[in-house]
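The lines below spell out each chain.
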Amino acid sequence: MAKILSFVRRSAGTAPSDAAAIAHLTRDFSVEVMPRTAAKIEDFRAILPEGTRIYLAHIDGTDFADMLSTARRLSDEGFRVMPHFPARGIADRAELAHRIEAYADLGIREALVIAGGIDTPRGEFGDSMQLLETGLFDRFGFTDLHVAGHPEGNRDIDADGSTTRVSAALRWKNDFQSRTDARMAIATQFCFEPEPVIDWAESLRAEGITLPIHIGIAGPAKLQTMIKFAMACGVGPSLRVLQRRAADLSKLMLPFEPTEMLAALARHKAANPDFAVERVHFFPLGGIGATAEYLGRTTPAARISARA
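Residues numbered from 1 in each chain as written. Predicted model: local features only at pLDDT ≥ 70, side-chain atom pairs only at ≥ 80, totals over all residues. Heavy atoms only, no water.

**Considering the overall build of the protein chain**
Stage number 1. The secondary structure content of the protein chain amounts to 14 helices and eight strands.
Stage number 2. Counting every position in the protein chain, which comprises 308 residues, the buried fraction comes to 52%.
Stage number 3. Long-range contacts, defined here as pairs at least 24 residues apart, represent 77% of the contacts in the protein chain between residues at least 6 apart.
Stage number 4. Total accessible area computed for the protein chain in this model is approximately 14,200 Å², and 51% of it derives from carbon and sulfur atoms. (Helix = DSSP H or I, 4+ residues; strand = E, 2+ residues; numbered from the N terminus. Buried < 20%, exposed > 50% of the residue type's maximum accessible area, 1.4 Å probe, protein only. Contact = heavy atoms within 4.5 Å. Areas by Shrake-Rupley, 256 points an atom, 1.4 Å probe, with all protein chains shown as cover.)

This is the structure in structure tokens:
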């Protein structure tokens, strides 16, 4: 293990204390894939540790049969599968029940419950709270229910740039956990700067929201790719990190890696053990292979798996 940590420190370009803190923060990391991106990987066991939680994103237009077959494959390969349930793309209670039961038949008991990325609901559901209120997840034995978080706000929800409605929704979900048996957590949009994340997490605690946070981190990708996704997903203040890097021609063609972001959050976590960020969730914007390779260099558990 000492040799592995030594390799991580050298390859990541971080101080020994940062490397250890990052390794601790990224333990039990999760990653996100879509059916079409998962299809490009011959065997996930070759690139990720067994038992890694894989969020299965349900992008609008993806056939549910493709979602289900990908979930089956990942589950058979030994991974924890957490499929997305986008409220606005689900027609009615019957369709919701069908999806939940189909995943449950595969042994899946985890879900990311979100509003979804389409503007107009296709059926009777408009937000994640309506899905949770049906009681169907509990009926089919789902034990882990994650919900969305937006450290830099979400103008699709709060058009005025505030966090009023987003915060109210998180308070509702926090109360939902307290009156149910569900294990809940907040899985966030990706960010590129630690300060907004730290401030946001502390503001949630001040409001009495105790849900643990799984912070979204963008895996390595070309800078142009990062900027494209950041603008499309509404990432706000931390976009300036990418803009500053884009102004430096010497770095323009180099892949952007999240090491500095992880190190800052890890240092804060080490100094403040009650910091609500408990896990890291990776969005493989530059491809799942690039993210897995990066994790192999920075996360001891991932590297051990890759060598096995």
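**Description of the sheet that holds strand E3 (residues 80-86)**
Stage number 1. Spatial strand order, E1-E2-E3-E4-E5-E6-E7-E8: eight strands in a closed barrel with parallel pairing. Here the average twist between neighbouring strands, direction ignored, is 30°.
Stage number 2. Bridge analysis of strand E6 (residues 183-191) against strand E7 (residues 213-218) gives four bridges, and the strand direction is parallel. Across the sheet, residue Ala187 finds its bridge partner in E7, namely His214.
Stage number 3. Contacts from helix H4 (residues 64-76) reach strand E1 (30-33), strand E2 (53-56) and E3 within the one sheet, and its direction differs from that of E2 by about 175°. (Pairing = 2+ DSSP bridges. Axes fitted to C-alpha atoms, helices over the stretch in contact; angles between N-to-C directions.)

**Some thoughts on the packing of H4 against helix H5 (residues 93-104)**
Helices that pack against each other are described as a pair by the angle of their axes relative to one another and the distance between those axes.
Stage number 1. For the pair H4 and H5, the least separation of the axes is 10 Å and the interaxial angle reads 20°. Classed by the angle they form, the pair H4 and H5 counts as roughly parallel. Here the hand of the crossing between H4 and H5 comes out right-handed. Together, Phe64, Met67, Leu68 and Ala71 of H4 and His98, Arg99, Ala102 and Tyr103 of H5 make up the contact between the two elements. (Parallel < 35°, antiparallel > 145°, perpendicular 65-115°, else oblique. Left-handed = near helix turned anticlockwise from the far one by under 90°.)

**Digging into the pairing of E6**
Stage number 1. Burial runs high along E6: eight of the nine residues are buried.
Stage number 2. Both strand E5 (residues 144-149) and E6 contribute to a ladder of six bridges, which runs parallel. Residue Val147 lies in a different strand from E6, and its bridge partner there is Ile186.
Stage number 3. Running through helix H9 (residues 194-206), the crossover from E6 to the neighbouring parallel element E7 is right-handed. (Right-handed = clockwise from strand over helix to strand, strands pointing away.)

**Quick word on the pattern of salt bridges**
Stage number 1. One pass over the full model with this rule turns up 13 salt bridges.
Stage number 2. Measuring nitrogen to oxygen at the nearest pair gives 2.6 Å for the salt bridge that ties Arg122 to Asp60. Remark: Asp60 occurs in the loop between E2 and H4 and Arg122 occurs in the loop between strand E4 (110-114) and helix H6 (128-133); sequence separation between them is 62 residues.
Stage number 3. Two residues, Arg183 and Asp144, come together in a salt bridge whose shortest N-O distance is 2.7 Å. In this pair, Arg183 sits in strand E6 while Asp144 sits in strand E5, placing the two residues 39 residues apart along the sequence. (Salt bridge = Lys/Arg side-chain N within 4 Å of Asp/Glu carboxyl O.)

**Side note on the packing of aromatic side chains**
Stage number 1. Scanning all chains against the criterion turns up 11 aromatic pairs.
Stage number 2. Pairing Phe192 with Phe256 gives two aromatic rings, centres 5.9 Å apart and planes at 80°, and the pair type is edge-to-face. Here the residue Phe192 occupies a position in the loop between E6 and H9, and Phe256 occupies one in the loop between helix H11 (239-247) and helix H12 (259-271), the gap between them amounting to 64 residues. The exposure classification of Phe192 matches that of Phe256, with both residues buried.
Stage number 3. One aromatic cluster is present, formed by Phe64, Phe85, Tyr103, Phe137 and Phe142 through successive ring pairs. (Phe/Tyr/Trp six-rings, centres within 6.5 Å; stacked < 30°, edge-to-face > 60°.)

**Some details on the nonpolar core**
Stage number 1. Counting residues in hydrophobic clusters, the biggest one holds 70 residues, and the most contacted among them are Phe44, Phe85, Phe137, Phe142 and Leu145.
Stage number 2. In terms of residues, this core owes the most to one element, H5, which gives six residues.
Stage number 3. Leaving out residues up to four positions away in the same chain, Phe85 has contacts with Ile90, Leu96, Arg99, Ile100, Tyr103, Ala111, Leu112, Val113, Ile114, Leu131, Phe137 and Phe142.
Stage number 4. Counting seven residues, the second-largest nonpolar core is a separate cluster that includes Phe190, Phe192, Phe283 and Leu285. (Core = buried A, V, L, I, M, F, W, Y, C linked by side-chain atoms within 4.5 Å.)

**Side note on the environment of His58**
Stage number 1. For His58, the position within the fold is in the loop between E2 and H4.
Stage number 2. We classify His58 as buried; its relative accessible area is 10%.
Stage number 3. Between the C-alpha atom of His58 and that of Gly117, which follows or precedes it by 59 residues, the distance is 9.9 Å.
Stage number 4. For His58, the residues in contact, after removing those within four places along its chain, are Phe64, Met67, His84, Pro86 and Arg99.
Stage number 5. From its side chain, His58 meets the backbone oxygen of Thr62 in a polar contact 3.1 Å long. (Polar contact = N/O pair within 3.5 Å; in protein donor to acceptor, adjacent residues only side chain to side chain.)

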